[in-house]
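This is what each chain is made of:
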Amino acid sequence: MVRLLYVFGKIVNLSPIYLQKSNLLLRIMRLTSLYLLLILVTVSTFARGEKEKPDQSPVGYLKKDIQFLTAEQTEGRLTGSKGEQICADYIAGRFAGMKIDPYQSKYIWDFTAKMGMQVGNSGYFKVFGKNLVIGRDVVLMPYSKGIHFNGSAMPNVDEADNVWLVSLKKVKMDAASPQKGIYEYAKSCEANGAASVVFLNDVNATLDLSPSALTSFESINIPVAVMNFKAYTENIQSNLKKDWIDIDARMGYEEATVTGHNVAAMIDNKSPLTVVIAAHYDHLGNMGERYVGADNNASGVGALLLMAQLIKASGLKGFNYLFVAFSGKEQDFQGSTAFLKQHDGQLGSFACMIDLDMMGRYSNTLKEINIQGAGTAAEWMGLLQKANKGYNLKVDSSGMSFSDSRSFYQQGIPVLRFSTGYHIDYMKPSDTENKINYLGEFEVIGLVHKTVIELDKLNKLSFRKTDDLVAKLDKLKSNLGIIIDPTYTGNGIRIAACFANQSAAISGMQSGDVIMKIGDYPIIDTDDYVDCLTRSQKGREAGILVKRDKSEFKFFLTL
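Residues numbered from 1 in each chain as written. Predicted model: local features only at pLDDT ≥ 70, side-chain atom pairs only at ≥ 80, totals over all residues. Heavy atoms only, no water.

Section: the sheet that holds strand S10 (residues 138-140)
Reading across from one edge, S10-S14-S13-S12 is the order of the 4 strands in this open sheet, with mixed pairing throughout. Here the strands that pair on one side only, and so sit at the sheet edges, are S10 and strand S12 (163-167). Between one strand axis and the next, the sheet turns by 25° as a mean value, whatever way the strands run. Looking at chain direction, S10 and strand S14 (residues 224-227) are connected through 3 bridges and run antiparallel. Note that in S14 the partner of valine 139 across the bridge is valine 226. Where helix H5 (residues 178-191) meets the sheet, it contacts S12, strand S13 (196-200) and S14, and its direction lies at approximately 140° from that of S13. (Pairing = 2+ DSSP bridges. Helix = DSSP H or I, 4+ residues; strand = E, 2+ residues; numbered from the N terminus. Axes fitted to C-alpha atoms, helices over the stretch in contact; angles between N-to-C directions. Contact = heavy atoms within 4.5 Å.)

If you want it as structure tokens, here you go:
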């Protein structure tokens, strides 16, 4: 039997062997005098016959929640998908199981989410009558006009007024902007009489395209698509000995909307003010490969559910506590925006919003916890200082983040975002459940809980507007496809994360790189970065000098 003591963020091993080695009992007795509340958690693992007793500890619940949200049946939790609905029902069931009431008589709050331009439901793509999967096997380019690909053709046999099958080996692929080469070649095909163009990825899977990472250019008057590598080998390469390859396809873009689902539950203490604690649960879905989003943001939802349990058990009465699991975050924060519109009349009663976003990659060595929004209320820093016991807090004052807290901040509501930070698996299929540091996340939740306990002693918070880097970045003409680390204080700007299939990632830059120079512009701080990209001509190629550890590298990409 292993016994663990949870002392507001400190996990203490109570096994007899460990106690003998470290005389830890005396340390525990000292710790108990420093805290107002102790939660004793017993984690028992033993066998009765062949059955294991379910782990009923907080860490056990945390693991169970994250494993459910990342399971195959949830399909990557894309907003409006069957998998998202499964997760919404699960989260609602967890709140009900805790006996936390639905918010205003219902747990699930529907909203309409715009998913952008997508191939219409009537679309299809057939090779010799076999249906290929649009978006996985074949990707329609966003600058296309027209919807039909019809004809019998062979690769690199170019007949006027017919579909052209073009090998990617013939396309000049610029590493900085590979899609630009496809676009330029498509324009030449149109000029030379092609009725439609299908580019064949006959190189390798690293050149495959995803519908979520397509570059827009000026429209051309013929439909253009790219067939990815596996589809090419199975449907084209295997039929090259035939006289002709029959293509029959109908694909056109239309505005796609779906119904998303926010989930909300509330501890109503009859207070005039409400603290909102939230996490988004949606992710990217399945794009030929399942994006499970374990850290982003199943970890945040697990933290949200555990916080609900802890607050209910703590009996905090200073505020009402509203717990919300948002969908639609990956579609420009549409879920949180819709929720605020649905409750426009109650915005004045929202004391603050605490955002739990990517909580699962805590480093036991560095002990870093990222805090954003600390400048949005005069009281935040004092509360954090009281709550923090030994953690290395990386604090950013700005209320504008790449998370749902920004929606509340833009409505004049103080916000605080907790996170263990970005990492190399951000927005990739490799963000998997086995990489979650469960005990580390439990520690981070302890800090959040202590902060809420300190918050509960106040009457209200005083909102303050902050200097917002993200708002400036949103207005830039050029976008490298990076998230800047706002806590970095050295020369240059440090990349917190690179978006997959966008310029920086394609060129070879990665999380942790420090950008020192863009073209001829030295970059000392974020002001230099913003000024450089504001002045730069969009579409111009530039060399970017970065520092990685003790080495320097130069990458070339299109601004």
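Remarks on the packing of helix H3 (residues 58-69) against helix H7 (residues 294-314)
Orientation of H3 relative to H7, taken along the N-to-C sense of each, is 140°, at an axis distance of 9 Å. With respect to H7, the element H3 is oriented oblique. Of the two elements, H3 crosses H7, and the hand of that crossing is right-handed. Contacts between H3 and H7 pair Pro58, Tyr61, Leu62, Asp65, Ile66 and Leu69 from the former with Ala294, Ala298, Ser299, Val301, Gly302, Ala303, Leu305, Leu306 and Gln309 from the latter. The residue inventory of the contact of H3 with H7, partitioned by class, reads 11 nonpolar, 3 polar and 1 charged. (Parallel < 35°, antiparallel > 145°, perpendicular 65-115°, else oblique. Left-handed = near helix turned anticlockwise from the far one by under 90°. Nonpolar A, V, L, I, M, F, W, Y, C, P; charged D, E, K, R; others polar.)

Some details on the sheet that holds strand S11 (residues 148-153)
Pairing between sheet strands relies on hydrogen bonds along the backbone, with the strands arranged either parallel or antiparallel. Reading across from one edge, S9-S8-S15-S11 is the order of the 4 strands in this open sheet, with antiparallel pairing throughout. Both outer strands of the open sheet, strand S9 (130-131) and S11, are each paired with one neighbouring strand and no more. Both strand S8 (residues 124-127) and S9 contribute to a ladder of 2 bridges, which runs antiparallel. Paired with valine 127 across the bridge in S9 is lysine 130.

Regarding the pairing of strand S27 (residues 514-518)
Where strand S26 (residues 493-498) meets S27, 2 bridges bridge the pair, whose relative direction is antiparallel. Residue pairing across strands places isoleucine 493 opposite isoleucine 515, the latter belonging to S27. For S27 and strand S29 (residues 541-548), the ladder comprises 4 bridges, and the chain directions are antiparallel. In the sheet register, isoleucine 518 faces S29, and the bridge partner there is isoleucine 544. Two successive antiparallel strands, S27 and strand S28 (residues 521-522), enclose a turn made up of 2 residues, where glycine 519 displays a positive phi of approximately 60°.

Quick word on the nonpolar core
Formed by 66 residues in total, the largest nonpolar core has its most connected members in Phe95, Ile277, Leu356 and Phe418. In terms of residue count, the dominant contributor to this core is H7 (11 residues). The residues touching isoleucine 277, leaving out its near neighbours within four places in the chain, are Leu304, Met307, Ile311, Tyr321, Leu322, Phe323, Val324, Ile354, Leu356 and Val452. (Core = buried A, V, L, I, M, F, W, Y, C linked by side-chain atoms within 4.5 Å. Buried < 20%, exposed > 50% of the residue type's maximum accessible area, 1.4 Å probe, protein only.)

As for the confidence of the model for the chain
Model confidence for the chain is summarised by a mean pLDDT of 86, while 88% of its residues fall at 70 or above. Considering only residues more than four positions removed or in separate chains, one finds that residues 1-51, a stretch of pLDDT under 50, has 72 contacts. (pLDDT = per-residue confidence, 0-100.)

Considerations on the pattern of salt bridges
Applying the stated criterion across every chain yields a total of 15 salt bridges. Salt-bridge contacts for lysine 329 lead to glutamate 330; the nearest nitrogen and oxygen are separated by 3.6 Å. You can call lysine 329 buried: its relative accessible area is 6%. Its relative accessible area of 17% is what places glutamate 330 among the buried residues. Of the charged contacts in the structure, one is a salt bridge between lysine 465 and aspartate 468, with a shortest N-O distance of 3.7 Å. (Salt bridge = Lys/Arg side-chain N within 4 Å of Asp/Glu carboxyl O.)

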